[in-house]
There are 2 protein chains.
Amino acid sequence: MKYHKIPDETIRRMPLYVRALALLEQEGQETISSRQLAERLRLNPPQIRKDLSYFGAFGTRGIGYPVISTARRIRAILRLDVPQKAVLVGAGRLGTAIAVYPGFSVFGLEIAAIIDNNPTKIGSRVGRLEIEHIAAAATLKARGIRLGLLAVPAEAAQGCADVLVQAGVKGLLNLAPCCLDVPKQVKVVSIDMAMALGVLPYYV
Amino acid sequence: MKYHKIPDETIRRMPLYVRALALLEQEGQETISSRQLAERLRLNPPQIRKDLSYFGAFGTRGIGYPVISTARRIRAILRLDVPQKAVLVGAGRLGTAIAVYPGFSVFGLEIAAIIDNNPTKIGSRVGRLEIEHIAAAATLKARGIRLGLLAVPAEAAQGCADVLVQAGVKGLLNLAPCCLDVPKQVKVVSIDMAMALGVLPYYV
DNA sequence: GTGGCTTTGTGAATGTGAGCACAAGCACAA
DNA sequence: TTGTGCTTGTGCTCACATTCACAAAGCCAC
Ligand SMILES: NC(=O)c1ccc[n+]([C@@H]2O[C@H](COP(=O)([O-])OP(=O)(O)OC[C@H]3O[C@@H](n4cnc5c(N)ncnc54)[C@H](O)[C@@H]3O)[C@@H](O)[C@H]2O)c1
Ligand SMILES: NC(=O)c1ccc[n+]([C@@H]2O[C@H](COP(=O)([O-])OP(=O)(O)OC[C@H]3O[C@@H](n4cnc5c(N)ncnc54)[C@H](O)[C@@H]3O)[C@@H](O)[C@H]2O)c1
């Protein structure tokens with residue numbers, strides 16, 4: 001394919017493919033066609049072919065896509081081939097759930113530090129990590145941590161974001177129900193469960 | 001505006017407006033212009049005006065939108081003017097965090113029941129709710145519960161979805177990393193934190 | 001090899017949403 | 001009553017995303 005800007009939506013779907021292919025690898029399947037994969041993921045086959053083709057030829061005509069090497073190539077595209085470390089800010093209910101959640105490892109992601117500002121929490125353990133003081137942010141860069149998750153109250157989110165950005169964090173997953181101001185070279189993705197639930201009655 | 005199908009993206013943004021207006025109401029502001037609101041929400045003013053105009057005229061030219069009545073009208077559009085009850089399936093780490101989360105009430109949403117299949121959990125309390133057996137699903141309809149949240153392991157999600165749909169649930173928020181098959185009159189929204197975090201390294 | 005079957009890769013077409021620019025409309029002051 | 005200033009509501013255009021349709025390409029059996 002000639003030069004094409006890669007759609008954001010395509011990038012958003014890539015981890016879906018990574019996960020599906022990881023599962024297929026476990027099942028021992030060696031190749032998968034766009035049709036089979038589409039059925040699993042409830043997508044259209046041409047969508048998958050086009051998504052993958054943005055990054056070059058992955059498959060074999062008549063056969064499909066090789067499960068293992070395709071997974072590896074997508075991981076490389078998403079920079080998930082090297083372990084990516086993240087800091088979690090906010091060791092509350094949601095934060096501790098996230099801290100012990102094993103589901104990040106499929107993507108080579110690791111929660112490598114937990115920060116809170118509550119003195120009674122600092123020093124105690126969540127899983128194998130010790131909760132650190134916000135001042136520990138200064139050490140993040142040296143520890144190779146470039147991603148952050150915000151699980152603090154909405155009022156504190158902007159302040160924490162500022163601290164993380166200052167500390168060299170380049171990507172943020174914001175769980176708090178608010179908007180964040182960050183320099184434009186920092187990427188923010190927000191998740192708001194209440195908003196997501198809030199649209200359902202409209203469709204019902 | 002002439003007849004227009006309302007974009008899904010517009011619907012997805014509506015709770016954003018509800019939340020912002022609720023905050024403005026608390027602050028005692030009586031009207032807000034699309035420009036001011038856009039600044040708060042990091043959107044473009046015409047986007048907000050267009051979104052709102054899909055549902056008719058809300059504002060006053062030269063002044064802006066009345067905070068209270070606009071909030072009320074949007075709530076009505078989203079069917080959030082009547083309290084909406086939801087059942088939470090899965091009283092694990094994430095489930096219990098959600099169960100005690102107060103952030104749903106801005107939207108008139110309420111977690112009204114918690115279900116788990118672990119016998120050691122059934123009967124114990126999370127907040128003011130008692131964890132119920134999956135058999136309790138049969139009572140959901142009678143209790144006016146039409147929404148469901150799935151916070152169970154991915155392997156169990158489809159089974160739980162089936163039970164809820166059978167019990168008359170019409171909208172599902174799926175927190176498990178998997179796709180769900182449901183009848184098409186049931187609306188599913190999925191949230192996958194790991195996937196959301198997984199795209200960040202690409203942009204960094 | 002050659003033919004038939006299958007599936008990819010991709011231009012072109014279609015569908016969907018975002019942004020702009022401006023006319024229409026309201027408030028308020030003079 | 002008229003004028004001024006501001007903000008909404010919206011047709012139009014452009015950008016982005018999805019879907020289609022088909023040629024190109026590999027595999028396998030004979
Ligand atoms: N619990 C949920 O299910 C849920 C759902 C959707 C969104 N959220 C959002 O996630 C965020 C966290 O929710 P939660 O339920 O875990 O709340 P929580 O109150 O249980 O935890 C918040 C934690 O953040 C810490 N904190 C507060 N200010 C801080 C600061 N400036 N620096 C560092 N740490 C700070 C607190 O000490 C606490 O440990 C909130 O913004 C909430 O709106 C939660
Ligand atoms: N914890 C997180 O931060 C996080 C993040 C992203 C996604 N998720 C997803 O959310 C889901 C729940 O995560 P968790 O960390 O709370 O897991 P968990 O293991 O702590 O909790 C799962 C709960 O579901 C219950 N359960 C299992 N099968 C059930 C069934 N058939 N019917 C009813 N209940 C059943 C279990 O008894 C348990 O209480 C998982 O799918 C997970 O992938 C969790």
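Residues numbered from 1 in each chain as written. Chains lettered and ligands numbered in written order. Predicted model: local features only at pLDDT ≥ 70, side-chain atom pairs only at ≥ 80, totals over all residues. Heavy atoms only, no water.

### A look at the overall build of chain A
Working step 1: Per the secondary structure count, chain A includes eight helices and nine strands.
Working step 2: In terms of its C-alpha atoms, chain A occupies a principal-axis envelope of roughly 60 × 45 × 35 Å.
Working step 3: In chain A, once contacts between residues fewer than 6 apart in sequence are set aside, the share between residues at least 24 apart is 54%.
Working step 4: For chain A, the computed accessible surface area is about 10100 Å², with 53% contributed by carbon and sulfur atoms.
Working step 5: A gap of 7 Å separates the mean positions of the 26 positive and 16 negative side-chain charges of chain A. (Helix = DSSP H or I, 4+ residues; strand = E, 2+ residues; numbered from the N terminus. Contact = heavy atoms within 4.5 Å. Areas by Shrake-Rupley, 256 points an atom, 1.4 Å probe, with all protein chains shown as cover. Lys, Arg positive; Asp, Glu negative; His and termini not counted. Charge placed at Lys NZ, Arg CZ, Asp CG, Glu CD.)

### Details of the site of ligand 1
Working step 1: Taken together, 24 residues form the shell around ligand 1, and within it Leu94(A), Asp116(A), Lys121(A), Val152(A) and Tyr101(B) come nearest.
Working step 2: A distance of 3.4 Å separates an oxygen atom of ligand 1 from a polar atom in the backbone of Gly92(A).
Working step 3: With respect to ligand 1, the backbone of Val152(A) contributes an N or O atom lying 2.5 Å from an oxygen atom.
Working step 4: Among the secondary structure elements, those contributing two or more residues to the shell around ligand 1 are α5 (93–99) and α6 (154–166) of chain A together with α5 (93–99) of chain B.
Working step 5: Residue composition of the shell around ligand 1, grouped by class: 16 nonpolar, five polar and three charged. (Near = heavy atom within 4 Å. Polar contact = N/O pair within 3.5 Å; in protein donor to acceptor, adjacent residues only side chain to side chain. Nonpolar A, V, L, I, M, F, W, Y, C, P; charged D, E, K, R; others polar.)

### Quick look at the domain arrangement of chain A
Working step 1: Taken as a whole, chain A is organised into domain 1 (8–77) and domain 2 (84–196).
Working step 2: Between the C-alpha centres of domain 1 of chain A and domain 2 of chain A the distance comes to 30 Å. (Domains from an automatic or database assignment.)

### Regarding the sheet that holds strand β8 (residues 171–174) of chain A
Residue and element names in this part refer to chain A.
Working step 1: Taken in spatial order, the seven strands line up as β5-β6-β4-β3-β7-β8-β9 in an open sheet, and their pairing is mixed. Since the sheet does not close on itself, it has two edges, and those belong to β5 (125–126) and β9 (187–190), each with one partner.
Working step 2: Along the sheet, α6 makes contact with β3 (84–89), β7 (145–150) and β8, crossing β7 at roughly 175 degrees. (Pairing = 2+ DSSP bridges. Axes fitted to C-alpha atoms, helices over the stretch in contact; angles between N-to-C directions.)

### A word on the pattern of salt bridges
Residues and elements named next belong to chain A.
Working step 1: Under the criterion given, the structure shown has 16 salt bridges over all chains.
Working step 2: Where Glu9 meets Arg12, a salt bridge forms, and the shortest distance between an N and an O atom there is 2.7 Å. Of the two residues, Glu9 and Arg12 are both situated in helix α1 (residues 8–27); the distance of three residues between them amounts to about one turn of the helix.
Working step 3: With a shortest N-O distance of 3.8 Å, Glu110 and Arg128 are connected by a salt bridge. Of this pair, Glu110 sits in strand β4 (residues 109–115) while Arg128 sits in the loop between β5 and β6 (129–132); the two residues are 18 residues apart in sequence, bridging distant segments of the chain.
Working step 4: The partly exposed category is assigned to Glu110, whose relative accessible area is 31%. (Salt bridge = Lys/Arg side-chain N within 4 Å of Asp/Glu carboxyl O. Buried < 20%, exposed > 50% of the residue type's maximum accessible area, 1.4 Å probe, protein only.)

### Comments concerning the relation of the copies chain A and chain B
Working step 1: Superposition record for chain A on chain B: RMSD 0.0 Å, screw rotation 180 degrees, translation along axis 0.0 Å. Look at the turn and shift together and you get a two-fold axis relating the two. Minimal C-alpha separation from the rotation axis in chain A is found for Leu94(A), amounting to 3.3 Å. (Least-squares fit on C-alpha atoms with pLDDT ≥ 70 in both.)

### A short note on a positive patch on the surface
Working step 1: Where like charges cluster on the molecular surface, the positive patch consists of Arg79(A), Lys141(A), Arg146(A) and Lys170(A).
Working step 2: By the secondary structure assignment, Arg79(A) is in the loop between α4 (67–77) and β3. (Patch = residues over 30% accessible without salt bridge, like charges linked within 9 Å, V, L, I, M, F, W, Y side chains within 5 Å.)

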